[in-house]
Amino acid sequence: MNLTIEVNNNIITANQGDTILDALSQNGMTVPTLCHMKGLFPTGACRMCVVEVEGRRNLVTACSEPVLDGMKIKTHSARVIESRKTIVELLLSNHPDDCLYCERNGSCELQDLSEDLHIRERRISGQKNKYKLDVSSASIVRDPAKCILCGRCVRVCEEIEGVSAIEFVGRGSKTFIDTSFNHGLNLSTCVNCGQCIMVCPTGALKEKDHISEIKDMLAEPEKTVVVQYAPSISVSLAEEFGLPSGQNMIGLMNAALRRMGFNYVFDTSFSADLTIMEEASELVHRVQNGGKLPMITSCCPGWVKYAEEFQHDMIENLSSCKSPQQMMGAIIKSYFAETENIAPENIYSVSIMPCTAKKFEQQREEMIQNGISDVDAVLTTRELARMIRLYGIDITKMEPELADSPLGTRSSAGKIFGTSGGVMEAAIRSAHYFITGKEMVKFQVKGVRGLEGRKEAKVNIGEMEVGVVVVSGLKNAEILMEEIRNGRNDIHFIEVMACPGGCINGGGQPIGTDDEAIKARMLSLYDIDEKDAIKMSHKNPYIKELYDKFLGKPLGHKSHELLHTHYQKRDIN
Amino acid sequence: MSYMKTIVQEILDQYPNAGRDSLIPILQHMQEKLGFLSEESVIEVSKHLKMPASKIFGVATFYNQFRFNQPGKYHVQVCRGTACHVLGSATVLDEIEKNLKIKTGQTTKDKLFSLEVVACIGACGLAPVISINGEFHAKVGTESIKGIFEDYRNREE
């Protein structure tokens, strides 16, 4: 039913059951918010969104108040503005005020709010918070002093990821956000997905910096510095330079990386193809030999740690394949080192990922052989942009260049890894060929595409009907695992990504990533898939060459040594 | 199974099929038996109630009644009620923290003393007052702290 309400003397219509905030945004109006999170139940905690409603004595929070027919609302009356201003002034009263040194200088919501509300003097000064920086995690740095207690990180961790590594601790003015028993994040259940960073309005959460070390290595003459970038990076970098979301920057990025001094530029989509060769073979092997089903992907290090902690009875279901990042790292320090005649210890291998958990994955002990780690440092998309600016490169003025051969050539199946459903689709394309010996007539698997948290499809491969499910956001994975435990048995293959929508919405992506941006990135990846000539991982000529010259065959001895790993139960504390 | 684990398990067995509404009674029961909430006990409660440990820690730190360190042989309670405050209990507390080299809520390394702040002991006439294992020390000042604790330490030798 349509309701009519009056906002700032304009009549607008709204739907029954909508909140005032919904009604305003449907009509192109906004009020500032802090604790509000789209899609989650409102808490009304920060009170930034207060509006005046005629007949009500107190201001009401637009995010949680349902609209009523004939409601008269003022969104920017003097009283409302004064109230919002006071809230921000109070938040600033115990804030460290070190904006010039802050990671989020320029992308901080608190900064924006105080600018928008025209706060030009310190009216209220309070005691500054003194908290220790938590640098214990391999991926995420927490600075509780900058925290304004909006609670968005706590909610995303609990409601989207089902992890609850952090929580409000203490009471009143002494409240802050911390882990259980004030341990560092490294000892908590944190899976390093970085979604907390994506929702943090201030600089209280950020990724662990790897730029300084890389900078030093680039200046080291005897080191060969090699870089790889994940499939989603080229379609996510544009916003950092004011370009439209989803624009494919691949050529410009290759050029910029070479200007910075990287000796070789490789594409992780190549090793995504390699992952598919191994993973699809593993799936076929499991299906044909009565192996453990459903098989579950293990590309996402957030999901892997989550499974080790919370779903350890399912560890056998996880594919033994390393992630594309680690596969590329292993190939660089073996095959590439051999062919180029460089000692592996003189190679410094950097990867650029949309992900903070990759920083953790790179340091896992399973990923280090004889003291040599597959990958040496991991940059997020944000750090890459920062580095491009640091080196004074105007990326928009570059001439596009190609990545280096052979580890820079990919099929488009490897490219769509960047979006939720991509690994599944790429695996189906190759599994179809491995089982039937024929290519799929229609290469798209529409049922697994899109940004929903859960997608299910049935795919016919030869005479067999294969049940596949794609989930993103670990809460969705938890629900699915419970279904399987309760006896669901029509699923053969599951793809899990920790971040909603997959890597295009990863915890290392540009701050301010919204639904529109994620959608644009997804469409851009599928557009590349549409236009590319090679759409199947097994048809990538350089993958064939790699197997012919070096690896032998998928799941062979060498593959097992370099490309596969194992996972084990972790205690929760 | 360790002694503590046995106690924890015995307590949890008394709450079969409990939901999150039983959290606080269980924590109170734990503290009553253990003297404090150990990390181990919180993790076991979290498994029992299928609730994240961080959530339980969050709830427990909200309430003043829960402690997370094993109490010392002598449990020191410093009254921070109104009357004691007016007569300088804040400086008394500072002095005790300095003397014992611990903060409120902690236990000394030798496990002899633990320190807690309480709202009002109900002995306002004796303000500022501290209680050590139920023994009241009236009208304490910064100068008397050293002697009081010296006395307890001497009892141990």
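See above for the structure.
Starting afresh in each chain, residues are numbered from 1 along the sequence in its written order. Lettering for chains starts from A, numbering for ligands starts from 1, and both go in the order in which the items are written. Restriction of local features to residues with pLDDT of at least 70 applies here, the model being predicted, together with a cutoff of 80 or more for giving and counting side-chain atom pairs; totals for whole chains, interfaces and linings are based on all residues. Values shown for side chains rest on all heavy atoms present in the structure; no hydrogens or waters enter the calculation.

Before going further, it helps to spend a moment on the state of the cysteines. All names here are of chain A. Disulfides are defined as pairs of cysteine sulfur atoms found within 2.5 Å of each other. Applying the stated criterion across every chain yields a total of zero disulfides over all chains. Between C108, a cysteine without a disulfide, and C99, which holds the nearest cysteine sulfur, the sulfur-to-sulfur distance is 6.3 Å. Residue class for C108 comes out buried when judged on its relative accessible area of 9%. The thiol of C193 is not disulfide-bonded; the next cysteine sulfur, from C499, is found 5.2 Å away. Type-normalised accessible area, obtained with a 1.4 Å probe on protein chains alone, sets the label of each residue: buried when under 20%, exposed when over 50%, and partly exposed for intermediate values.

Turning next to the sheet that holds strand β11 (residues 264-267) of chain A. Residue and element names in this part refer to chain A. With parallel pairing, four strands are arranged side by side in an open sheet as β11-β10-β13-β16. At either margin of the open sheet sits one strand with a lone partner, and together these are β11 and β16 (377-380). This sheet shows a mean twist of 25 degrees between the axes of neighbouring strands, independent of strand direction. Whether two strands pair depends on DSSP finding at least two bridges between them. The helix and strand labels rest on DSSP assignments: H or I over at least four residues marks a helix, E over at least two residues marks a strand, and numbering proceeds from the N terminus. Relative to β16, strand β13 (residues 347-353) runs parallel, the two sharing four bridges. Considered in β16, the bridge of V350 is made with A377. Whether two residues are in contact is decided by their heavy atoms: any pair within 4.5 Å suffices. Orientation is described by axes fitted as lines to C-alpha atoms, over the contacting stretch for helices, and by angles from 0 to 180 degrees between their N-to-C directions. The sheet strands contacting helix α12 (residues 381-390) are β13 and β16, and the helix crosses β16 at an angle near 85 degrees.

This paragraph deals with the layout of surface pockets. Residue and element names in this part refer to chain A. Cavity: a set of points on a 1 Å grid over the protein atoms alone where a 1.4 Å probe fits but cannot get out. Pocket: an open set with protein on both sides within 12 Å along at least five of seven lines, its lining residues, like those of a cavity, having an atom within 4 Å of a point. Grid points are joined across faces, edges and corners, and a volume is the space filled by probe spheres set on the points. A volume near 1,300 Å³ is recorded for the second largest pocket. What lines the second largest pocket is a set of 33 residues, among which M37, K38, T513, D514 and D515 lie closest to the centre. Put simply, the parts of the chain that give the lining of the second largest pocket at least two residues each are α3 (109-116), α4 (152-160), α5 (195-199) and α16 (515-531). Throughout this entry, Asp, Glu, Lys and Arg are counted as charged residues, while Ala, Val, Leu, Ile, Met, Phe, Trp, Tyr, Cys and Pro are counted as nonpolar. The remaining residues, Gly among them, count as polar. Taken together, the residues of the lining of the second largest pocket sort by class into 13 nonpolar, eleven polar and nine charged.

What follows concerns the interface of chain A and chain B. Each partner contributes residues to the interface: chain A has 17 residues there, and chain B has 15 residues. Buried area: the sum, over both parts, of the accessible surface (1.4 Å probe) that disappears when the two are put together. Both faces combined, the contact of chain A with chain B buries some 1,300 Å², and carbon together with sulfur accounts for 62% of it. Salt bridge criterion: a side-chain nitrogen from Lys or Arg within 4 Å of a carboxyl oxygen from Asp or Glu. Joining chain A to chain B, the criterion identifies two salt bridges. Here K55 of chain B makes a salt bridge to E158 of chain A, at a shortest N to O gap of 3.0 Å.

Right, let's get into the sheet that holds strand β1 (residues 2-7) of chain A. Residue and element names in this part refer to chain A. Strand order in this open sheet of five strands is β2-β1-β5-β3-β4, and the pairing throughout is mixed. Either end of the sheet is taken by a strand with one partner, and the two such strands are β2 (10-15) and β4 (60-61). Sheet topology note: the β1/β2 ladder contains six bridges and is antiparallel. Among the inter-strand pairings, T4 is bridged to a residue of β2, identified as T13. Across the face of the sheet, helix α2 (residues 78-93) comes into contact with β3 (50-53) and β5 (72-74) while running at roughly 155 degrees to β3.

Our next topic: a negative patch on the surface. Each patch is assembled from residues with relative accessible area greater than 30% and no salt bridge, linking like charges that lie within 9 Å and nonpolar side chains (Val, Leu, Ile, Met, Phe, Trp, Tyr) that lie within 5 Å. For every accessible area listed, the method is Shrake-Rupley and the probe measures 1.4 Å; residues are considered covered only by the protein chains on display. Lys and Arg are tallied as positive, Asp and Glu as negative. Neither His nor the chain termini are counted. Where a charge lies is defined by one atom per residue type: Lys uses NZ, Arg uses CZ, Asp uses CG and Glu uses CD. A cluster of acidic residues, E213, D216, E220 and E222 of chain A, forms a negative patch at the surface. Position of D216 of chain A relative to the elements: it lies in helix α6 (residues 211-218).

All names here are of chain B. Locating H29 in the fold gives a position in helix α2 (residues 23-34). Polar contacts, as counted here, are pairs of nitrogen or oxygen atoms within 3.5 Å of one another; within protein the pair requires one atom able to donate a hydrogen and one able to accept it, and residues that are adjacent in sequence qualify only if both atoms are side-chain atoms. Polar contacts involving the side chain of H29 include one to the side chain of Y15, which spans 3.0 Å. Setting aside residues no more than four positions away along its own chain, H29 makes contact with I11, Q14 and Y15.

Residues and elements named next belong to chain A. Within the structure shown, the criterion is met by 55 salt bridges over all chains. As a salt-bridge pair, R429 and D529 come within 2.8 Å of each other at their nearest N and O atoms. Here R429, found in helix α14 (residues 422-436), pairs with D529, found in helix α16; they are 100 residues apart in sequence, far enough to count as distant. For the pair R429 and D529, one class covers both residues: buried. Counted as one network, the salt bridges with shared partners bring together R454, E456, K458, E483, R488 and D490.

Another aspect to go through is empty space enclosed by the protein. All names here are of chain A. Per the counting criterion, the structure on display carries four cavities of 30 Å³ or more. Forming the walls of the largest cavity are 25 residues, and the residues nearest its centre are C299, P354, K358, M497 and C503. Secondary structure elements with two or more residues in the lining of the largest cavity: α9 (301-310), α10 (324-340) and α11 (357-363). Residue composition of the lining of the largest cavity, by class: 16 nonpolar, eight polar and one charged.

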